[in-house]
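# Observations on the model geometry
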Amino acid sequence: MPLSINCSHEESIDLAECIDNIESRGFDPKDKDSVGYSAYQLRALYNNRTFLNDIIIKELQNRCQTQNKDNSYSGQSIMLYSGNNGIALRANIWPGKDHYLMRSSGEAAFYFDTPHDHNFDFLTIGYMGPGYWSEYYEYDYEKVTGYVGEKVDLRFIEKSCLSEGKILFYRAHKDVHHQLPADSLSISLNIMHQSQVQPWYDQYHFDLDNKKITKILNHISGEILLRIAVQMVPEQGEELAHEYAKSHPSDRMRSSAWDALLSIKKNDEEQQSLIEEACRNDSMMIQKKAQALIKTIA
């Protein structure tokens, strides 16, 4: 499960100080001291019990101009800071299980009942309320090929909630959590480490009962463009899709190219030929998907 960090002190800082302190040293998830230092700053920001109130009121007075401009997440998140060096801070709002937002939008809108890992490391602290519940699991990312339907050795660790002042360090591609609604409205704060290559690292949705990957949650724009190209510009699109499927350095893009090609095959014979070709592909992901498809057809 995420690593619990014991960091209890009384120092209080505002958001600008927190950002300056973290930026001056950086947040390196691979460096234990760096993680500890950032956790200290997060706790100091937590000790400031009014900073978030001030931000929310100011945003509402300004018709949420800052959030509309800088926030690429859903309305559940308040973007506090996003730097050029991959460091980002945000506040996440978690409605309680009986809250009207849960009744109107459903659990999936808030990532509840959606077992998943992350493709980035981050620190989090419970800022307000009892905190969301999580069933925590771990798995070995290096042993996973990454195709939908693949069996994964998910190991259950525990169930707990992110209570006020509790700090957790979520490790990319290791910690899996099945989030469940908080008992009442809660807010958490995050310090995240992001990079330009992050979209190339998959984030998975899991079937906990059968211990399988059911979905890849993050998307690359090239995947969608390939699907469009083979439909709108058939000759050039198909040629590019074949090239991507054979030689693209990313298994994910090679697999997406194969999916695009399969989508335009008009009859069983053409599909069978492509599936047999996929079984000989250098990409283990494409091979496994093709083999799984053969079993389904059989």
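See above for the structure.
An account of the accompanying structure is given in this report. A quick note: this is a predicted structure, and the numbers were derived from the prediction, not measured. (Residues numbered from 1 in each chain as written. Predicted model: local features only at pLDDT ≥ 70, side-chain atom pairs only at ≥ 80, totals over all residues. Heavy atoms only, no water.)

## Examining the pairing of strand β5 (residues 133–138)
Working note: regular strand, side chains alternate between the two faces of the sheet. By the bridge criterion, six bridges tie β5 to strand β6 (residues 155–161) in an arrangement that is antiparallel. Paired with Y136 across the strands is E158, a residue of β6. One ladder, built from six bridges, connects β5 with strand β8 (residues 175–180); its direction is antiparallel. Among the inter-strand pairings, W133 is bridged to a residue of β8, identified as L180. (Pairing = 2+ DSSP bridges. Helix = DSSP H or I, 4+ residues; strand = E, 2+ residues; numbered from the N terminus.)

## Considering the nonpolar core
The biggest cluster of nonpolar side chains holds 29 residues, and the ones touching the most others in it are F51, L80, L123 and L189. The set of elements that each furnish at least two residues to this core consists of α1 (15–25), α2 (32–46), α3 (51–61), β2 (77–82), β3 (87–94), β4 (121–128), β7 (167–170) and β9 (186–193). Top contributing element to this core by residue count: α2, with six residues. Aside from chain neighbours lying at most four places away, what touches F51 is L15, L45, L80, Y127 and L189. (Core = buried A, V, L, I, M, F, W, Y, C linked by side-chain atoms within 4.5 Å. Buried < 20%, exposed > 50% of the residue type's maximum accessible area, 1.4 Å probe, protein only. Contact = heavy atoms within 4.5 Å.)

## Regarding the packing of helix α8 (residues 251–263) against helix α10 (residues 284–297)
The N-to-C vectors of α8 and α10 enclose an angle of 40 degrees; their axes lie 8 Å apart at closest approach. For the pair α8 and α10, contact is made by D251, R252, R254, S255, W258, D259 and L262 and by M284, M285, I286, K289, A290 and L293, respectively. Residue composition of the contact of α8 with α10, by class: seven nonpolar, one polar and five charged. (Axes fitted to C-alpha atoms, helices over the stretch in contact; angles between N-to-C directions. Nonpolar A, V, L, I, M, F, W, Y, C, P; charged D, E, K, R; others polar.)

## Focus on the pattern of salt bridges
Proximity of charged atoms lets side chains of opposite charge pair with each other. Counted according to the given criterion, the structure contains nine salt bridges. Ionic pairing is found between D202 and R252, a salt bridge with its closest N-O pair at 2.3 Å. Here the residue D202 occupies a position in the loop between β9 and β10 (204–207), and R252 occupies one in helix α8, the gap between them amounting to 50 residues. Using a relative accessible area of 5% as the deciding quantity, one classes D202 as buried. Since its relative accessible area comes to 4%, R252 is described here as buried. D259 is the partner of K289 in a salt bridge, and the nearest nitrogen-oxygen pair spans 2.7 Å. With K289 in helix α10 and D259 in helix α8, this residue pair connects regions lying 30 residues apart in the sequence. (Salt bridge = Lys/Arg side-chain N within 4 Å of Asp/Glu carboxyl O.)

## Observations concerning the pairing of β9
Taking burial as the measure, the eight residues of β9 include seven buried ones, the bulk of the element. Judged from the eight bridges that link them, β3 and β9 form a sheet pairing that is antiparallel. Residue pairing in the sheet places I87 in a bridge with H193 of β9. Sheet topology note: the β4/β9 ladder contains seven bridges and is antiparallel.

## Describing a nonpolar patch on the surface
A cluster of nonpolar residues, I224, L225, I228, M232 and V233, forms a patch on the protein surface that exposes about 500 Å² of accessible area. Within the secondary structure, I228 sits in helix α6 (residues 221–232). For I228, a relative accessible area of 38% translates into the label partly exposed. (Patch = residues over 30% accessible without salt bridge, like charges linked within 9 Å, V, L, I, M, F, W, Y side chains within 5 Å. Areas by Shrake-Rupley, 256 points an atom, 1.4 Å probe, with all protein chains shown as cover.)

## Details of the sheet that holds β3
With antiparallel pairing, the six strands of this open sheet are ordered in space as β1-β7-β4-β9-β3-β2. The sheet is open, and its two edges are formed by β1 (3–5) and β2, each paired on a single side. For this sheet, the mean angle separating the axes of adjacent strands, direction not counted, is 25 degrees. Two strands pair when backbone bridges link them, and β4 and β7 are joined in this way by four bridges, in the antiparallel orientation. Across the sheet, residue F122 finds its bridge partner in β7, namely Y170. On top of the sheet, α3 reaches β2, β3, β4 and β9; it is set at about 105 degrees to β2, its chief contact.

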